[in-house]
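Next come the chains, spelled out residue by residue.
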Amino acid sequence: MSAPFLAALLALLAPTLLALPESARGQARPVYRCSGNLYTDALEAAEARQRGCSPIEAVVSLPATVPPRAAAVLRTGELQAEGAQARVDPAVQRARDGDKRRILETELAAEQQRLAGLQRDLEQAQAPARPGEALAERSARLALLRESIERSQADLAALRRELAKTAGGPG
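It should be emphasised that the depicted structure is a prediction, and the values quoted were computed from it without experimental measurement.

A.B. asks: Report on the overall build of the protein chain, specifying residues and quantitative values.
C.D. replies: Broken down by element type, the protein chain carries six helices and three strands. The helix and strand sequence of the protein chain, counted from the amino end, reads α-α-β-β-α-β-α-α-α. Within the protein chain, buried positions represent 18% of all 171 residues. For the protein chain, restricting intrachain contacts to residue pairs at least 6 apart in sequence, the fraction spanning at least 24 positions comes to 48%. By element, 57% of the accessible surface of the protein chain is carried by carbon and sulfur atoms, the whole surface being about 12,800 Å².

A.B. asks: So what about the sheet that holds strand β3 (residues 54-55)? Which residues, and what values?
C.D. replies: Strand pairing in a sheet relies on backbone hydrogen bonds. The paired strands run either parallel or antiparallel. With respect to topology, three strands assemble into an open sheet ordered β2-β1-β3, the strand pairing being antiparallel. This sheet does not close on itself; its edge strands, each paired only once, are β2 (38-40) and β3. Relative to β3, strand β1 (residues 32-34) runs antiparallel, the two sharing two bridges. Bridge pairing links R33 to S54 in β3.

A.B. asks: Run through the state of the cysteines, naming residues and quoting values.
C.D. replies: Taken as a whole, this structure holds one disulfide when the rule is applied. Disulfide partner of C34: C53, at an S-S distance of 1.9 Å. Because the sign of the S-S torsion sets the handedness, a value of about 110 degrees for the bond joining C34 and C53 places this disulfide among the right-handed ones. In this pair, C34 sits in strand β1 while C53 sits in the loop between α3 (45-51) and β3, placing the two residues 19 residues apart along the sequence.

A.B. asks: Report on the nonpolar core, specifying residues and quantitative values.
C.D. replies: Counting residues in hydrophobic clusters, the biggest one holds twelve residues: L104, L108, L115, L118, L122, A125, L142, L145, I149, L156, L159 and L163. Those elements that provide at least two residues to this core are α5 (90-125) and α6 (135-165). In terms of nonpolar packing, the next biggest core, distinct from the first, is built from five residues, Y32, C34, L43 and A48 among them.

A.B. asks: Describe the pattern of salt bridges, with residues and values.
C.D. replies: Side chains bearing opposite charge may pair, as long as their charged atoms lie close to each other. Tallied over the entire structure, the rule returns six salt bridges. One salt bridge connects R114 with E111, and the closest N-O pair in it is separated by 3.3 Å. With R114 and E111 both in helix α5 and three residues apart, this pair spans about one turn of that helix. On the basis of relative accessible area, R114 is assigned to the partly exposed category, the value being 39%. E162 is paired through a salt bridge with K165; the nearest N and O atoms lie 3.2 Å apart. Of the two residues, E162 and K165 both sit in helix α6, three residues apart, roughly one turn of that helix. It is possible to trace a salt-bridge network through shared partners that takes in K100, E162 and K165.

A.B. asks: Please set out the side chain of T40 residue by residue, giving values where relevant.
C.D. replies: Its place among the elements puts T40 in strand β2. Excluding residues within four positions of it along the chain, T40 makes contact with P30, V31, Y32 and C34.

A.B. asks: Describe the confidence of the model for the protein chain, naming the residues involved and giving the relevant values.
C.D. replies: Mean pLDDT for the protein chain: 77, with 63% of residues reaching 70 or above. For the protein chain, per-element mean pLDDT is lowest for helix α2 (residues 22-25), which scores 52, and highest for α5, which scores 92.

A.B. asks: Go over α5, please, and point to the residues and values.
C.D. replies: Taking 1.5 Å as the rise per residue, α5 with 36 residues should run 52 Å; its terminal C-alpha atoms sit 52 Å apart, in good agreement. Where α5 is concerned, the buried positions are R101, L104, L108, E111, L115, G117, L118, L122 and A125. Packing partners of the buried residues in α5 comprise α6.

The rules behind the values
Residues numbered from 1 in each chain as written. Predicted model: local features only at pLDDT ≥ 70, side-chain atom pairs only at ≥ 80, totals over all residues. Heavy atoms only, no water. Helix = DSSP H or I, 4+ residues; strand = E, 2+ residues; numbered from the N terminus. Buried < 20%, exposed > 50% of the residue type's maximum accessible area, 1.4 Å probe, protein only. Contact = heavy atoms within 4.5 Å. Areas by Shrake-Rupley, 256 points an atom, 1.4 Å probe, with all protein chains shown as cover. Pairing = 2+ DSSP bridges. Disulfide = S-S within 2.5 Å. Core = buried A, V, L, I, M, F, W, Y, C linked by side-chain atoms within 4.5 Å. Salt bridge = Lys/Arg side-chain N within 4 Å of Asp/Glu carboxyl O. pLDDT = per-residue confidence, 0-100. Expected span 1.5 Å × (residues − 1).

Structure below.
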């Protein structure tokens, strides 16, 4: 609702609301306006005067409503404001897509190298135990390497999925 509409509505309803007894208005206690735009009904008259608060004649609370256009936006999940066009120039979007693809390809190559290194480390770690190495230490080291390899493989799969989503991606 617009501010002028609310002001007109308030002007129309205020005399009626003020004519109602306090109990019908839902106010058993007076409401005070204090410094800093603080409104409260938790003060007694003497305390309100001491703090410099002034009583308010009427407080009108209107239920919040959502304008129909805003309700439609909320229902459809649109994020664009009315009249605003958030269109991206096709050339700019192609450039962004190309940048995204190059970044993903770079990350994919780096992750492939990392996985190859982890697999080499695992092969070396599976060789006979190092002199003086406890069985528990060796088992823990092997388990860590296997977990790292699994994570790396999952990262590679995710990167490949992202690349497949880009135009002309492998997949």
